[in-house]
Amino acid sequence: MSLLKELIALYDRDLKALRNEIESYPDDASVWKKAEGINNPGGNVFLHLMGNLNTFFGAVYANTGYVRDRPLEFSASGISRAKLLAMLDEIHPIVLQVLRDFPAEKLGEIYPIKIFDEEKTVSYIFIHLETHLAYHLGQMNYHRRILS
C-alpha cells in the first residue's frame, strides 16, 4: 500500500474517532468543562485540530481561503456539539480529497509553509499532522472520560 493510501486510511479513522468523541460527551456544556490539571477542555482541543486541518490542508492545498485565528482556538467556549460536528463534516472530506489527489512524486518536495521556522517535506508534514491529530484525540478521550 502506498503512503498516501495509508494516510487516507489513518486520517479517515481518526476523524471518525474525533466525531465519536464529540458525540460521546453527555451534553454541550461538558465539552467546555475544565477539569483539574487539564488546561484545555475537549472543545478547545477540537477547535485547535480544526485550525490545523483547515490551515494545512484546506487553505494550502484546497484553496478554501481559511484564515486561522489560533488564539481563538484556545479561548472560545460554549459552541454546541452540533456546530463542532458541522466543522468536522466540512474539513473531513477536504483532507481526504487532498490526499487522494496529491501526486505521490511530490511527497518529497518541501511543504509550502515553514512550520516552527523549519522547512520539511510534504510527507513529513502529512505524517506530523496525523500524529498531532491522534495525540489530541487521546487528550479529548481522557478529558471526556475524566468528567464521567
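- Going by what an unreviewed UniProt entry lists, the protein is known as DinB family protein and is assigned to Aquirufa antheringensis.

## Observations concerning helix H5 (residues 81–101)
Here's step 1: If you check H5, its first and last C-alpha atoms are 30 Å apart, about what 21 residues at 1.5 Å a residue would give, namely 30 Å.
Here's step 2: Within H5, burial applies to Arg81, Leu84, Leu85, Leu88, Ile91, His92, Val95, Leu96, Val98 and Leu99.
Here's step 3: The elements touched by buried residues of H5 are helix H1 (3–24), helix H2 (28–31), helix H3 (42–61) and helix H6 (122–147).

## Some points on the layout of surface pockets
Here's step 1: Put simply, the largest pocket is a space of about 290 Å³.
Here's step 2: Every residue lining the largest pocket is counted, 14 residues in all, and those nearest its centre are Leu47, Met50, Tyr66, Leu72 and Met87.
Here's step 3: At the level of secondary structure, the elements contributing two or more residues to the lining of the largest pocket comprise H3, helix H4 (70–75) and H5.
Here's step 4: The element contributing the most residues to the lining of the largest pocket is H3, with 4 residues.
Here's step 5: Looking at the lining of the largest pocket residue by residue, the class counts come to 9 nonpolar, 2 polar and 3 charged.
Here's step 6: Size it by volume and the second largest pocket reaches roughly 170 Å³.
Here's step 7: Lining the second largest pocket are His48, Asn52, Phe56, Arg68, Arg70, Ile115, Phe116, His128, Leu129 and His132.
Here's step 8: Elements with a minimum of two residues in the lining of the second largest pocket: H3 and H6.

## Regarding the packing of H3 against H6
How two helices sit against one another is set out by the angle between their axes and by the gap between those axes.
Here's step 1: As a packed pair, H3 and H6 sit with axes 9 Å apart at the nearest point and diverge in direction by 165 degrees. Classified by the angle between their axes, H3 and H6 sit roughly antiparallel to one another. Both H3 and H6 take part in a crossing whose hand is left-handed. Contact residues: Gly42, Val45, Phe46, His48, Leu49, Asn52, Phe56, Phe57 and Tyr61 in H3; Val122, Phe126, Leu129, His132, Leu133, His136, Gln139, Met140 and His143 in H6.
Here's step 2: Of the residues contributing to the contact of H3 with H6, the split by class is 11 nonpolar, 7 polar and no charged.

## With respect to H1
Here's step 1: The end-to-end C-alpha distance of H1 is 31 Å, a good match for the 32 Å that 22 residues give at a rise of 1.5 Å each.
Here's step 2: Along H1, the positions that sit buried rather than exposed are Leu4, Leu7, Ile8, Tyr11, Asp12, Asp14, Leu15, Leu18, Glu21 and Ile22.
Here's step 3: At its buried positions, H1 is contacted by H2, H3, H5 and H6.

## Observations regarding the packing of aromatic side chains
Remark: the centre distance and the inter-plane angle together describe each pair of aromatic rings, the angle taken between the planes.
Here's step 1: Applying the stated criterion across every chain, the model contains 7 aromatic pairs.
Here's step 2: Plain terms: the ring middles of phenylalanine 57 and phenylalanine 126 are 5.2 Å apart, the flat faces sit at 15 degrees to each other, and that makes the pair stacked. Remark: phenylalanine 126 occurs in helix H6 and phenylalanine 57 occurs in helix H3; sequence separation between them is 69 residues. For the pair formed by phenylalanine 57 and phenylalanine 126, the shared burial category is buried.

## A closer look at the nonpolar core
Here's step 1: Tyr11, Leu18, Phe46, Phe57 and Leu99 are the most contacted members of the largest nonpolar core, which totals 39 residues.
Here's step 2: The set of elements that each furnish at least two residues to this core consists of H1, H3, H5 and H6.
Here's step 3: In contact with tyrosine 11, not counting residues within four places along its chain, are Leu53, Phe57, Val95, Leu96, Leu99, Phe126, Leu129, Glu130 and Leu133.

## Examining the side chain of asparagine 52
Here's step 1: Tracing the chain through its elements places asparagine 52 in helix H3.
Here's step 2: Excluding residues within four positions of it along the chain, asparagine 52 makes contact with Phe57, Arg68, Leu129 and His132.

Thresholds, definitions, all that
Residues numbered from 1 in each chain as written. Predicted model: local features only at pLDDT ≥ 70, side-chain atom pairs only at ≥ 80, totals over all residues. Heavy atoms only, no water. Helix = DSSP H or I, 4+ residues; strand = E, 2+ residues; numbered from the N terminus. Expected span 1.5 Å × (residues − 1). Buried < 20%, exposed > 50% of the residue type's maximum accessible area, 1.4 Å probe, protein only. Contact = heavy atoms within 4.5 Å. 1 Å grid on protein atoms, 1.4 Å probe; cavity = no way out; pocket = protein on both sides within 12 Å on 5 of 7 lines; lining within 4 Å. Points joined across faces, edges and corners; volume = space filled by probe spheres on them. Nonpolar A, V, L, I, M, F, W, Y, C, P; charged D, E, K, R; others polar. Axes fitted to C-alpha atoms, helices over the stretch in contact; angles between N-to-C directions. Parallel < 35°, antiparallel > 145°, perpendicular 65-115°, else oblique. Left-handed = near helix turned anticlockwise from the far one by under 90°. Phe/Tyr/Trp six-rings, centres within 6.5 Å; stacked < 30°, edge-to-face > 60°. Core = buried A, V, L, I, M, F, W, Y, C linked by side-chain atoms within 4.5 Å.

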